[in-house]
Amino acid sequence: MRQYSTSYTIGFSAAVCVVCSLLVSSAAVGLRARQLQNIELDRKRNVLMVAGFIEPTEIPSAEQIDALFERIEQVVVDRVTGEETDISPDGFDQQVVASDLDMSQRAPANAAGVRRLPDYVLVYKVYEDDRLDQVVIPIEGMGLWSTLYGFLSLDSDGRTIRGITFYEHAETPGLGGEIDNPRWRDRWEGRLAYDDQWEPRIEVIKGRAGPPQEDPFHVDGLSGATITARGVGHLVQFWLGENGLGPYLAQLRERGELGEDGE
Ligand SMILES: Cc1cc2nc3c(=O)[nH]c(=O)nc-3n(C[C@H](O)[C@H](O)[C@H](O)COP(=O)(O)O)c2cc1C
């Protein structure tokens with residue numbers, strides 16, 4: 001067998017490393033735009049799912065998503081004042097804003113495990129016949145192992161939950177991961193997020209809740225995953241509250257876009 005010198009072996013290995021790293025980095029850079037586009041499509045697919053436009057198993061094309069989004073207005077909201085801004089929703093990344101020190105604040109201690117509060121939040125107004133039919137808000141907070149990112153949809157009465165979904169988390173499949181189970185997510189539908197004083201009241205209990213008409217503020221826990229399930233209850237309450245999107249939802253009610261007048 002032919003013997004190569006040590007310097008030849010080192011030089012050859014270095015050349016292979018350089019070529020491979022160039023290939024990997026150019027693939028990463030070249031595919032970045034497509035990755036961002038796919039992240040955006042996935043976010044929109046989740047909004048459509050929580051709004052009840054598509055089934056959880058459905059994977060619509062980009063064109064179908066755009067067509068369904070014709071009925072949805074994306075609005076960037078000032079979290080503190082609750083005002084709608086004219087910031088463009090295009091390319092708005094909620095997670096980037098929340099982790100940017102110039103565009104977020106340290107959160108006060110809270111049960112939801114939220115550490116930073118974004119100054120701006122992207123919400124989705126779903127219209128039917130030119131009337132606001134539901135509002136989809138982003139929600140996030142701690143489960144057992146990970147931060148859970150999702151959406152909550154509120155009915156035009158501003159109080160009734162239409163749906164909940166999570167698009168990113170790292171809870172244990174079969175335990176905390178059951179927050180993705182459509183049967184558990186269906187348990188939220190028709191329950192009340194707020195009480196008569198517009199205080200966030202919905203919570204996840206250990207065990208089974210009654211039907212929504214009789215037990216409107218409780219949602220079934222997840223057996224073997226009480227910590228994750230409770231976390232979901234805490235984070236939903238947090239985002240409905242004063243440090244989350246409470247001020248914005250109150251403004252929508254004052255303007256008559258949501259609430260009994262808006263029905
Ligand atoms: C390997 C492993 C993974 C677990 N994953 C989760 C989880 O994702 N979410 C959760 O709430 N509990 C998880 N648990 C269970 C928690 O430690 C805890 O026992 C549980 O939340 C209590 O719920 P229970 O009172 O309904 O049994 C896990 C436990 C083990 C051993």
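In the block above lies the structure referred to throughout.
Residues numbered from 1 in each chain as written. Predicted model: local features only at pLDDT ≥ 70, side-chain atom pairs only at ≥ 80, totals over all residues.

Draft legend 1. Representation of the site of the ligand within the structure. Neighbouring residues of the ligand: L144, W145, E171, T172, L175, G176, S223, G224, A225, T226, I227 and T228. Residues belonging to the shell around the ligand are distributed by class as follows: five nonpolar, six polar and one charged. (Near = placed C-beta within 6 Å. Nonpolar A, V, L, I, M, F, W, Y, C, P; charged D, E, K, R; others polar.)

Draft legend 2. Main features of the environment of D180. Counting through the fold element by element, D180 comes out in the loop between β7 (161-168) and α4 (182-186). Its 16 C-beta neighbours within 10 Å are what place D180 among the partly exposed residues. Counting along the chain gives 13 residues from D180 to Y167, while the straight-line C-alpha distance between them is 8.5 Å. (Helix = DSSP H or I, 4+ residues; strand = E, 2+ residues; numbered from the N terminus. Buried ≥ 20, exposed ≤ 12 C-beta atoms within 10 Å, placed from the backbone.)

Draft legend 3. Representation of the environment of R131. Along the chain, the position of R131 falls in strand β5 (residues 131-142). When the 10 C-beta atoms within 10 Å are taken as the criterion, R131 is described as exposed. Residues R131 and E257, 126 residues apart in the sequence, show an inter-C-alpha distance of 8.1 Å.

Draft legend 4. Just the nonpolar core, in detail. Counting residues in hydrophobic clusters, the biggest one holds 48 residues, and the most contacted among them are V123, V136, I137, L152 and W239. If you list the elements that add at least two residues to this core, you get α1 (6-50), β4 (120-128), β5, β6 (147-155), β7, α5 (226-240) and α6 (246-254). No other element matches the seven residues that α5 contributes to this core. Every residue in contact with V136, bar those within four places of it in the chain, is listed here: V47, V50, A51, V123, Y124, V126, F151 and S153. (Core = buried A, V, L, I, M, F, W, Y, C linked by C-beta atoms within 7 Å. Contact = placed C-beta atoms within 7 Å.)

Draft legend 5. Here's a closer look at α6. Restricting attention to buried positions, one finds in α6 the residues Y248, L249 and L252. Seen along its axis, α6 keeps its buried residues to an arc of 95°; they face one direction. In this structure, the buried side of α6 is in contact with β1 (72-78), β4 and β5. Positive backbone phi, approximately 80°, marks G256, located one or two places after α6. (Arc of directions from axis to C-beta.)

Draft legend 6. Inspection of the sheet that holds β1 at higher detail. If you walk across this open sheet you meet the five strands as β1-β4-β5-β6-β7, and the pairing is antiparallel. The open sheet has two edge strands with one neighbour each: β1 and β7. Neighbour-to-neighbour, the strand axes of this sheet turn through a mean angle of 25°, independent of strand direction. One ladder, built from five bridges, connects β4 with β5; its direction is antiparallel. By the bridge assignment, V126 is partnered in β5 with Q134. (Pairing = 2+ DSSP bridges. Axes fitted to C-alpha atoms, helices over the stretch in contact; angles between N-to-C directions.)

Draft legend 7. The arrangement of α5 in detail. Its 15 residues place the ends of α5 21 Å apart at the C-alpha level, agreeing with the 21 Å of an ideal helix rising 1.5 Å per residue. Of all 15 residues in α5, eleven are buried, a share of seventy percent or more. Every buried residue of α5 is accounted for by T228, A229, G231, V232, G233, L235, V236, Q237, F238, W239 and L240. Those residues of α5 that are buried lie in contact with β5, β6, β8 (203-204), β9 (218-219) and α6. (Expected span 1.5 Å × (residues − 1).)

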